Amino acid sequence: MTGIGQRISHIKATLPDGVTLVAVSKFHPAEAIMEAYDAGHRVFGESRANELITKAKTLPGDIEWHFIGHLQTNKVRSIIPHVKCIHSIDSMRLLKLVDSESTRIGQCTDILLQLHVAREETKFGFSPEEFDLLLESRDFDNLAGVRIRGVMGMASNVEDADRIKDDFKAIRACFDRLKKRLADNAACDTVSMGMSHDYHAAIDCGSTMVRIGTTIFGEREY
Ligand SMILES: *Cc1c(COP(=O)(O)O)cnc(C)c1O
């Protein structure tokens, strides 16, 4: 087995039951993805729409593509047919657009609501306050083309382990409120948090899906 194959197998063997691995392949070539594929992995994450579409068109059809980057509304139509799950729904407008476009092509797209709890890093995502307002909105009850699976978030990029755990706990708490709002719908089961450098802490705080790139594929060349 190749280095990529060995690393991915090792990570999967050490994840607790109930935690899914999204192998983040952004900026890495098709050959690297195929090494992970040949080791039995099928779930991959990309952060740029065009890159995901190009890879999805050329790589095996049983790969489950997850979109994890900021999604511009003008890319929704082209990306929808290729994705299983969008982790980065950061506005009601985007949610409605993904819903209507999925409905138009007869697809049900899994989505996660992106939270912004870290003080730096990204400007995208709902703050916990905005999230609670969203949960109160009626819009939520009229979505036919999407399945709300849960939430996605990132912790602050700091050394302070307590701070990182506080961020992850805040994301998990939002998930718990969402699940309650959806009447404990069984499809609402996903807390996507944890990357190469912090996924152990994320799992300790209730992650069910980790997004790992560098530890599997090595450093990215932008
Ligand atoms: C790039 C990226 C990752 C993976 O990060 P690594 O540090 O390489 O594991 C995870 N989540 C998101 C949203 C990303 O953009």
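Heads up: the structure comes first, above all this text.
This write-up is about the structure you can find in this document. Values in this document were obtained by computation on a predicted structure and should not be read as measured data.

## Some details on the nonpolar core
The nonpolar side chains of soluble globular proteins are, as a tendency, buried together.
Consideration 1: In terms of nonpolar packing, the biggest core is built from 64 residues, with Val98, Leu113 and Leu178 touching the most fellow members.
Consideration 2: Element by element, the count of residues in this core is highest for helix α7 (residues 161-181), at six residues.
Consideration 3: Every residue in contact with Leu113, bar those within four places of it in the chain, is listed here: His87, Ile89, Leu95, Phe126, Phe131, Leu134, Phe140, Ile148, Gly150, Val151, Met152 and Leu178.

## Some thoughts on helix α3 (residues 49-58)
Consideration 1: Every buried residue belonging to α3 is among Ala49, Glu51, Leu52, Ile53, Lys55 and Ala56, and all of these are buried.
Consideration 2: In this structure, the buried side of α3 is in contact with α2 (30-38), β2 (43-46), β3 (64-67) and α4 (76-79).

## Points about the site of the ligand
Consideration 1: Within the structure, the ligand sits among Val24, Lys26, Ile68, Met154, Met195, Ser196, Arg211, Ile212, Gly213, Thr214 and Arg220.
Consideration 2: For the ligand, an oxygen atom lies 2.7 Å from a polar atom in the side chain of Lys26.
Consideration 3: Within the side chain of Arg220, a nitrogen or oxygen atom sits 2.8 Å from an oxygen atom of the ligand.
Consideration 4: When the ligand is considered free in solution it has 390 Å² of accessible area, and contact with the protein chains removes 89% of it.
Consideration 5: A class-by-class count of the residues in the shell around the ligand yields five nonpolar, three polar and three charged.

## A look at the pattern of salt bridges
Consideration 1: Tallied over the full model, the rule gives 17 salt bridges.
Consideration 2: A salt bridge links Asp189 to Arg149, with the nearest nitrogen and oxygen atoms 2.9 Å apart. Separated by 40 residues along the polypeptide, Asp189 in the loop between α7 and β7 (190-192) and Arg149 in strand β6 (residues 146-152) bring together distant segments of the chain.
Consideration 3: The class for Asp189 is partly exposed, based on a relative accessible area of 34%.
Consideration 4: The class for Arg149 is buried, based on a relative accessible area of 17%.
Consideration 5: Between Arg172 and Asp176 there is a salt bridge, with its nearest N and O atoms 3.2 Å apart. Within this pair, Arg172 and its partner Asp176 are both found in helix α7, separated by four residues, close to a single helical turn.
Consideration 6: Taking the relative accessible area as the measure of exposure, Asp176 reaches 37% and is therefore partly exposed.
Consideration 7: Put simply, Lys84, Asp110, Arg147, Arg149 and Asp189 are held in one network by salt bridges that share partners.

Conventions used here
Residues numbered from 1 in each chain as written. Predicted model: local features only at pLDDT ≥ 70, side-chain atom pairs only at ≥ 80, totals over all residues. Heavy atoms only, no water. Core = buried A, V, L, I, M, F, W, Y, C linked by side-chain atoms within 4.5 Å. Buried < 20%, exposed > 50% of the residue type's maximum accessible area, 1.4 Å probe, protein only. Helix = DSSP H or I, 4+ residues; strand = E, 2+ residues; numbered from the N terminus. Contact = heavy atoms within 4.5 Å. Near = heavy atom within 4 Å. Polar contact = N/O pair within 3.5 Å; in protein donor to acceptor, adjacent residues only side chain to side chain. Areas by Shrake-Rupley, 256 points an atom, 1.4 Å probe, with all protein chains shown as cover. Nonpolar A, V, L, I, M, F, W, Y, C, P; charged D, E, K, R; others polar. Salt bridge = Lys/Arg side-chain N within 4 Å of Asp/Glu carboxyl O.

Limitation: the analysis is restricted to geometry and does not speak to function.
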